[in-house]
Amino acid sequence: MSELLMRLPLSKFTFSGNGTVRARRYKHASSCQCVLTEDKRRIVVKNGKDALDICRVVNGMWQTSGGWGRIERDGAVDAMLRYADSGLTTFDMADIYGPAEDLYGIFINRVRRERPPEFLEKVRGLTKWVPPPVKMTRSFVSDSINVSRKRMDVDSLDMLQFHWWDYSNPGYLDALKHLTDLKDEGKIKTVALTNFDTERLQIILENEIPVVSNQVQHSIVDMRPQQRMAELCQLSGVKLITYGTVMGGLLSEKFLDTNISIPFAGPALNTPSLQKYKRMIDAWGGWGLFQGLLRSLKQVANKHGVSIPTVAVKYILDQPAVGGSMVGVRLGLSDHIDDCNAIFSLVLDEDDVNSIKEASAKGKDLLKVIGDCGDEYRRA
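These lines cover the structure that appears in this document, whether it is placed above or below. (Residues numbered from 1 in each chain as written. Predicted model: local features only at pLDDT ≥ 70, side-chain atom pairs only at ≥ 80, totals over all residues. Heavy atoms only, no water.)

1. Points about unusual backbone geometry
It is generally the case that most residues other than glycine have a negative phi and that most peptide bonds are trans.
Right, so step 1: With a phi angle near 55 degrees, M247 is a residue other than glycine that sits in the positive phi range.
Right, so step 2: In this structure, M247 sits in the loop between β12 (239-243) and α9 (272-284). (Helix = DSSP H or I, 4+ residues; strand = E, 2+ residues; numbered from the N terminus.)

Printed below as a string of structure tokens:
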């Protein structure tokens, strides 16, 4: 029995005659499931009476917050419509991502005016709430959520993903209970988490808070979610939505066979995401080892006639407990609609998976280096 299972109360388990352990589902989890649609593009996450279907490839809007180039409002909204028209209809944002929620509000109004009602029904806006670690009163939580509802111009948020900075402050449970109340009032459709670790997810579930997902960093370089988090997710029905899956673009042909240690010899690491995920590569094993991973991915990509980012996202989407994966969008500046749509038809065979797994395993165990999911944000 794993360490995680040993820590769960015995009341959660039944024992079979051959000595294997089967976990009973948490309350709420008996109806918490993910159902793939026929074309495998969308997934329905259900928890009790709560249900939300999302596109499995999610358009990430961190890039609107500054540092990736100037975003022009009308051009950005036009780009959002192009993504949605191509079938990529789920957008992820946060209250702290600059104008992201406001852009979504303009976008959804254009959808209401310019697209048929059945198209509107497929569009999803997932946002995050990242509050300071102050006392989580009902009025503070409600007022904060109302700001996002107003900015996104929706009566009910499709999904509210909650982040908490300081686990020594147990106020996150108060906040989640208030969010659940707001969900019951119709102001939120589904409550979820972002950057919570396995231990705190377990506590939240034991407090019978019906979260449907946890958004975490997960890539071929960063496989931490598969070491502890995925096990609990499979037991409870909570799904993972992953970000950093193409590492800000580092997992791409652009950085294959490059030496960034020589000034101006390779592509510049000139965005916050490239700089962030370069630090992850350094922790994992360094640029030389990363080049070996890129070469392995390129062989798989060439075999299937797709790009390295397409392979990188598909590999993570195929991991246990993963419901969706984020790909950042630089709205109005560049797009990767074709690469994203190619993910849905790509099938990685056993040789592909073994090749990627072998290259990934050459790096360090980031669970030992950094800690569990989200610990990179909480280390001193």
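Once the structure has been displayed, the description carries forward.
2. So, the pairing of strand β10 (residues 188-194)
Right, so step 1: Across the 7 residues of β10, 6 count as buried, placing the element largely inside the fold.
Right, so step 2: Direction of pairing for strand β9 (residues 157-162) relative to β10: parallel, over a ladder of 5 bridges. Across the sheet, the residue bridging to F162 is L193, located in β10.
Right, so step 3: What joins β9 to β10 is helix α6 (residues 171-184), and the crossover it makes is right-handed. (Buried < 20%, exposed > 50% of the residue type's maximum accessible area, 1.4 Å probe, protein only. Pairing = 2+ DSSP bridges. Right-handed = clockwise from strand over helix to strand, strands pointing away.)

3. Here's the deal with the pattern of salt bridges
Right, so step 1: Across all of its chains, the model carries 28 salt bridges by this definition.
Right, so step 2: Put simply, E114 and R110 hold a salt bridge, and the shortest N to O gap is 3.0 Å. Taken together, the residues E114 and R110, both in helix α3 (residues 100-114) and 4 residues apart, mark about one turn of the helix.
Right, so step 3: Looking at E114, the relative accessible area reads 37%, which means it is partly exposed.
Right, so step 4: Note that K183 and D184 form a salt bridge whose closest N and O atoms lie 3.0 Å from each other.
Right, so step 5: Residue K183 is classed as buried on the basis of its relative accessible area, which comes to 8%.
Right, so step 6: What you see here is one network of salt bridges that share partners, running through D78, D85, R110, R113, E114 and R115. (Salt bridge = Lys/Arg side-chain N within 4 Å of Asp/Glu carboxyl O.)

4. Here we look at the environment of M152
Right, so step 1: By the element assignment, M152 lies in helix α5 (residues 138-152).
Right, so step 2: In this structure, the C-alpha to C-alpha distance between M152 and Y104, residues 48 residues apart in sequence, is 5.6 Å.

5. Here's the deal with the environment of I145
Right, so step 1: Structurally, the position occupied by I145 is in helix α5.
Right, so step 2: Ignoring anything within four residues of it in the chain, the contact list for I145 reads W129, L157, L160, L179, L182 and I188. (Contact = heavy atoms within 4.5 Å.)

6. Quick word on the side chain of R41
Right, so step 1: Relative to the assigned elements, R41 resides in the loop between β3 (33-36) and β4 (42-47).
Right, so step 2: Only 3.3 Å separates the side chain of R41 from the backbone oxygen of S86, close enough to count as a polar contact.
Right, so step 3: Setting aside chain neighbours within four positions, we find R41 in contact with I54, C55, R56, S86, G87, L88, N341 and F344. (Polar contact = N/O pair within 3.5 Å; in protein donor to acceptor, adjacent residues only side chain to side chain.)

7. As for the packing of aromatic side chains
Right, so step 1: Taken as a whole, this structure holds 13 aromatic pairs when the rule is applied.
Right, so step 2: Cluster of aromatic residues (ring-pair linked, three or more members): W129, F140, F162, W164, Y167, Y172 and F196.
Right, so step 3: The ring of F119 has R115 sitting right over it, with the charged end atom 5.9 Å from the ring centre.
Right, so step 4: The side chain of R200 reaches across the aromatic face of Y167, ending 4.0 Å from its centre. (Phe/Tyr/Trp six-rings, centres within 6.5 Å; stacked < 30°, edge-to-face > 60°. Lys NZ or Arg CZ within 6 Å of the ring centre and 35° of its normal.)

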